[in-house]
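Residues per chain are reported as follows:
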Number of protein chains: 2
Amino acid sequence: MNANLIIGMAKEQIPTPALILDLDIFQANLQRMGAFFSGPVKLRPHIKTHKCPIIALEQIRAGAIGITCAKLSEAEVMAEHGIRDILIANQVAGYGKPERLAALADGIDIKVAVDNKANIDDLGRAALDFGSRIGVVIEVNVGNDRCGSRSFEETLDLAHHISAKKGLIFKGVMGYEGHCVFTADKTARSTACRSANKILVDSAEMLRSHGFEVEIVSAGGTGTYDMSGIYPGITEIEAGSYLFMDGCYSGIMGNDLFRPALWVLSTVISKPEPGLALIDAGMKSLTHEFGLPQPLLSGAVLKGLSEEHGRLALLPEADYLKVGDLVYIWPSHGCTTVNLHDRYCVVKNNRLVAVWEIACRGKSQ
Amino acid sequence: MNANLIIGMAKEQIPTPALILDLDIFQANLQRMGAFFSGPVKLRPHIKTHKCPIIALEQIRAGAIGITCAKLSEAEVMAEHGIRDILIANQVAGYGKPERLAALADGIDIKVAVDNKANIDDLGRAALDFGSRIGVVIEVNVGNDRCGSRSFEETLDLAHHISAKKGLIFKGVMGYEGHCVFTADKTARSTACRSANKILVDSAEMLRSHGFEVEIVSAGGTGTYDMSGIYPGITEIEAGSYLFMDGCYSGIMGNDLFRPALWVLSTVISKPEPGLALIDAGMKSLTHEFGLPQPLLSGAVLKGLSEEHGRLALLPEADYLKVGDLVYIWPSHGCTTVNLHDRYCVVKNNRLVAVWEIACRGKSQ
């Protein structure tokens, strides 16, 4: 908690830069996605977007079957906060990491992605040492060309390798269609997504034809939740960004279904000449790899970020801005923006109603 | 502290991604800059680079007269850790901020930049309310065209406004030549720097001619410390990045005097095909606004970052890399990279010898 945040204070009194979460919009996004996945296909949202145990628990209350994490240290924090069903959707490798994973698996249902035999050996050995069992899904490259098995032959070989380990439980396959979640044209996105889904589901069918039980077939981001989420054979979806709807996703998907809920509140600290204002939010409060984030202010354009300054070019209609005025900035990329902040200032009816710690911030290990 | 970090462990056992500080090189950089400023011009290093009270105290032990901060919340943390002489080199404005500054000024020597009369009014009122006195320097635009007074007339007007406030103490002027610290050609950098220095020193002389006592004339970054630091009339220098020497500054200045001391240690988590390795450090551990950071590994090139992955293209000479191998990445921009991490893993003789908390990480308020 922070000595300068008092529940009930007017949102204009929150010290800036502050990460503001609009509770009503957040709840609407949460419920809408929960409703979409109330059928046989389930939601296992990726918590890399919010990194907040309170939000993860809200997602589970809204129907999610568990959570997806990017990293072991995120999973450790989430487990400490009572989450019992976790998929780590990346490989866990390196000194001491399999052992930490095996320790974590003693008590909760943990699953981890693999794409490498030596890593499977390490995980199996650690699980035996700790007397626990680690669930394993094979990551399949579905066109994103990052990690993941490159062929059916390799996938089958990995499955055999996993099933030979007493400490591991083969659970299924996962593949992230990250190469098409941001494709603006919906038809093109859908076509590319189906091709990706086919590789993944065909991999699952191939494994079943060799006698493997494939319980999990996991895919999907916010840009493809309604494509992968209806593709026959996919069992669960990892979407996460739907909660906040940053500028990037809103530009692709519109804001009819899911609405922007996350803002960085900033203050004008200098107005040195006509047409120019400097705000107190820079690269240490906002990210810009998906383009410069923009103010919620007609006639103002964010032209650049330095470490602790944002540079607003003002048309005459916005040139009334003065030192001390507040400006809301809409993040272009929610996931990385959240990772810069320690807490959400949760706002409803123009008041601070809660402060939610971002307990997984910086948990990249 | 972190349960997975044990003092004395081999550096190969540190969980990755980890921010590694080479203690010997850090100490050499620290002492070298301290020696440069052992004459009449003083060093007041900017702690936005390291955000770490332990390092700030080391800088003071090495001769610095105090520290420079970017934000009020950084200054609050540094004051809690015993730093007694602080310049906040930006404007402190917005609800509650002047009051916090006035509270902080009761007991320590605090100075803040101003460029606006309304802000001066707010600071003066808060200081009176709290019975403290806030030191004030006028920020002068020396060509960076961000914040700061745009003319001698404006500077003089601001000085009169400050001197009329009982709660404020006029201390001098500051100006950051940020528009030329990264100019690669040293002659061009020096020429541009002298032009910037002249504006600042002339502003100080102008104020003295009107009867103002100008104690502080503050300028300088790492790229210009040896230019601004010898310009007649400059009294103190704000350089900070010299401690770490990131890829950007090293590209401009070379590594003869100050040497790279900061690394992000990463682990290969996937080796899915020849010529490609994925490491566990992405945009949540490394920044890239100054270009992609690069590995300390011959034949390997970092081609891209996603949130939790770095994509290494490998020439045949580096294609031996396997899952679990460690790769050191040299940050291209130390200041923003540090702001992603919670602690420095301080390494000497290949062992972890200390863990230094980055207590000002995220302190952008």
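In this report, the structure presented in the accompanying data block is examined. (Residues numbered from 1 in each chain as written. Chains lettered and ligands numbered in written order. Predicted model: local features only at pLDDT ≥ 70, side-chain atom pairs only at ≥ 80, totals over all residues. Heavy atoms only, no water.)

## So, the packing of aromatic side chains
Our working definition: Only Phe, Tyr and Trp rings are paired, with Trp represented by its six-membered ring, and only when their centres lie within 6.5 Å; those with planes under 30 degrees apart are stacked, over 60 edge-to-face, the remainder tilted. To qualify as a helix, a DSSP run of H or I must reach at least 4 residues; to qualify as a strand, a run of E must reach at least 2; elements of each kind are numbered from the N terminus.
One pass over the full model with this rule turns up 22 aromatic pairs over all chains. Residues Phe37(A) and Tyr225(A) carry aromatic rings whose centres are separated by 6.4 Å and whose planes lie at 65 degrees to one another, so their mutual orientation is edge-to-face. Remark: Tyr225(A) occurs in helix α8 (residues 225–228) and Phe37(A) occurs in the loop between α1 (23–36) and β2 (42–43); sequence separation between them is 188 residues. Summarising the aromatic geometry, the rings of Phe26(B) and Trp356(B) are spaced 5.7 Å apart at their centres and angled 70 degrees between planes, so their arrangement reads as edge-to-face.

## Some words on empty space enclosed by the protein
Basically, it comes down to this: Cavity means a closed set of points on a 1 Å grid over the protein atoms alone, one where a 1.4 Å probe fits but cannot get out, pocket means an open set with protein on both sides within 12 Å along at least 5 of 7 lines, and lining means a residue has an atom within 4 Å of a point. Grid points are joined across faces, edges and corners, and a volume is the space filled by probe spheres set on the points. In the scheme used here, Gly and all other residues not listed as nonpolar or charged are polar, with Ala, Val, Leu, Ile, Met, Phe, Trp, Tyr, Cys and Pro taken as nonpolar and Asp, Glu, Lys and Arg as charged.
Under the criterion given, the structure shown has six cavities of 30 Å³ or more. Considered as a void within the structure, the largest cavity measures approximately 90 Å³ in volume. In terms of lining residues, the largest cavity is bounded by 13 residues, among which Lys71(A), Gln91(A), Val92(A), Ala93(A) and Lys97(A) are the most central. Residue composition of the lining of the largest cavity, grouped by class: six nonpolar, four polar and three charged. Estimated volume of the second largest cavity: approximately 80 Å³. Along its surface, the second largest cavity is lined by Ile269(A), Asp280(A), Ala70(B), Lys71(B), Leu72(B), Ile88(B), Gln91(B), Val92(B), Ala93(B), Lys97(B) and Gln365(B).

## Considering the sheet that holds strand β7 (residues 168–174) of chain A
Adjacent strands of a sheet form backbone hydrogen bonds with each other and so pair up, either parallel or antiparallel. Residues and elements named next belong to chain A. Note the cut-off: Note: two strands are recorded as paired if DSSP finds a minimum of 2 bridges between them. Residues count as neighbours in contact if any of their non-hydrogen atoms are within 4.5 Å of one another. As a rule, the C-alpha atoms of each element are fitted with a line to give its axis, helices using only the stretch in contact, and angles between N-to-C directions run from 0 to 180 degrees.
The strand order across the open sheet formed by eight strands is β2-β9-β8-β7-β6-β5-β4-β3, and the pairing between neighbours is parallel. If you trace the sheet from one side to the other, it starts and ends with β2 and β3 (67–69), each paired once. Where β7 lies against strand β8 (residues 216–219), three bridges are found, and the strand directions are parallel. In the strand pairing of β8, methionine 174 is matched with serine 218. The strands that helix α4 (residues 97–105) touches are β4 (85–88), β5 (109–114) and β6 (134–139); relative to β5, the one it contacts most, it runs at about 150 degrees. Against the sheet, helix α5 (residues 117–130) makes contact with β5, β6 and β7, and its axis sits at roughly 160 degrees relative to β5, the strand it touches most.

## Let's talk about the interface of chain B and chain A
Quick reminder of the rule: Once two parts are put together, the accessible area they lose, assessed with a 1.4 Å probe and summed over both, is termed the buried area. The salt bridge criterion pairs a side-chain nitrogen of Lys or Arg with a carboxyl oxygen of Asp or Glu, the two atoms within 4 Å. Polar contacts here mean pairs of N or O atoms no more than 3.5 Å apart (in protein, one a potential hydrogen donor and the other a potential acceptor; neighbouring residues in sequence count only if both atoms are side-chain atoms).
Across the contact, 57 residues belong to chain B and 56 residues belong to chain A. Summed over both sides, the interface between chain B and chain A buries roughly 4800 Å², with carbon and sulfur atoms accounting for 49% of that surface. Contact with chain A buries surface across chain B, with Tyr95(B), Arg146(B) and Lys284(B) losing the most and accounting together for 12% of the total. Inspection of the region where chain B meets chain A yields ten salt bridges. Across the pair Glu273(A) and Arg150(B) runs a salt bridge whose closest N-O atoms are separated by 2.7 Å. At the junction of chain B and chain A, the tally comes to 32 residue pairs in polar contact (both at pLDDT 80 or more). Of all the secondary structure elements, the ones that give two or more residues to the side of chain B that touches chain A are α4 (97–105), β10 (262–273), β11 (276–279) and α10 (334–338) of chain B. When residues in the side of chain B that touches chain A are grouped by element, the largest group, six residues, is from β10(B). Of the residues in the side of chain B that touches chain A, the class split is 15 nonpolar, 21 polar and 21 charged.

## Overview of the relation of the copies chain B and chain A
Threshold: The copies were overlaid by least squares, fitting only the C-alpha atoms of residues that reach a pLDDT of 70 or more in each copy.
The two copies are related by a screw operation: chain B maps onto chain A through 180 degrees of rotation and 0.0 Å of translation along the axis, at an RMSD of 0.0 Å. Taken together, the rotation and translation describe the operation of a two-fold axis. Ranked by how close their C-alpha atoms come to the rotation axis, the residues of chain B are headed by Leu340(B), at 3.3 Å. Both copies present the same face, since 98% of the interface residues in chain B are matched by interface residues at the equivalent positions in chain A.

## Quick look at the pairing of β8(A)
All names here are of chain A. Stated formally: The buried label applies to any residue whose accessible area, calculated with a 1.4 Å probe on protein chains only, is under 20% of its type's maximum; exposed applies above 50%, and partly exposed to all values in between.
Side-chain alternation along β8 places Ile216 and Ser218 on one buried face and Val217 and Ala219 on a second face that is also buried. Note: β8 against strand β9 (residues 236–237), two bridges, orientation parallel. Bridge pairing in β9 places alanine 219 opposite isoleucine 237.

## Overview of the layout of surface pockets
The probe, sized like a water molecule, is rolled over the atoms to show the empty space still left. Quantified by volume, the largest pocket comes out at close to 680 Å³. Ser306(A), Glu307(A), Lys48(B), Arg146(B) and Tyr176(B) are the residues nearest the centre of the largest pocket, which is lined by 38 residues in total. Those elements that place two or more of their residues in the lining of the largest pocket are β13 (300–305) and β14 (310–314) of chain A together with α9 (247–253) of chain B. A class-by-class count of the residues in the lining of the largest pocket yields twelve nonpolar, 17 polar and nine charged. The calculated volume of the second largest pocket comes to roughly 590 Å³.

## Describing the packing of helix α6 (residues 152–163) of chain A against helix α7 (residues 186–209) of chain A
Residue and element names in this part refer to chain A. For clarity, the cut-off: Here roughly perpendicular refers to angles of 65 to 115 degrees, roughly parallel to angles under 35, roughly antiparallel to angles over 145, and oblique to all remaining angles. Crossing handedness follows the turn of the near helix against the far one: under a right angle anticlockwise gives a left-handed crossing, and clockwise gives a right-handed one.
Close contact between α6 and α7 brings their axes to 10 Å; oriented N to C, the two are set at 50 degrees. In this view, α6 runs oblique relative to α7, as classed from their interaxial angle. Of the two elements, α6 crosses α7, and the hand of that crossing is right-handed. Note on element contacts: α7 touches α6 through Ile199, Asp202, Ser203, Met206 and Leu207, opposite Phe152, Thr155, Leu156 and Ala159. Taken together, the residues of the contact of α6 with α7 sort by class into six nonpolar, two polar and one charged.

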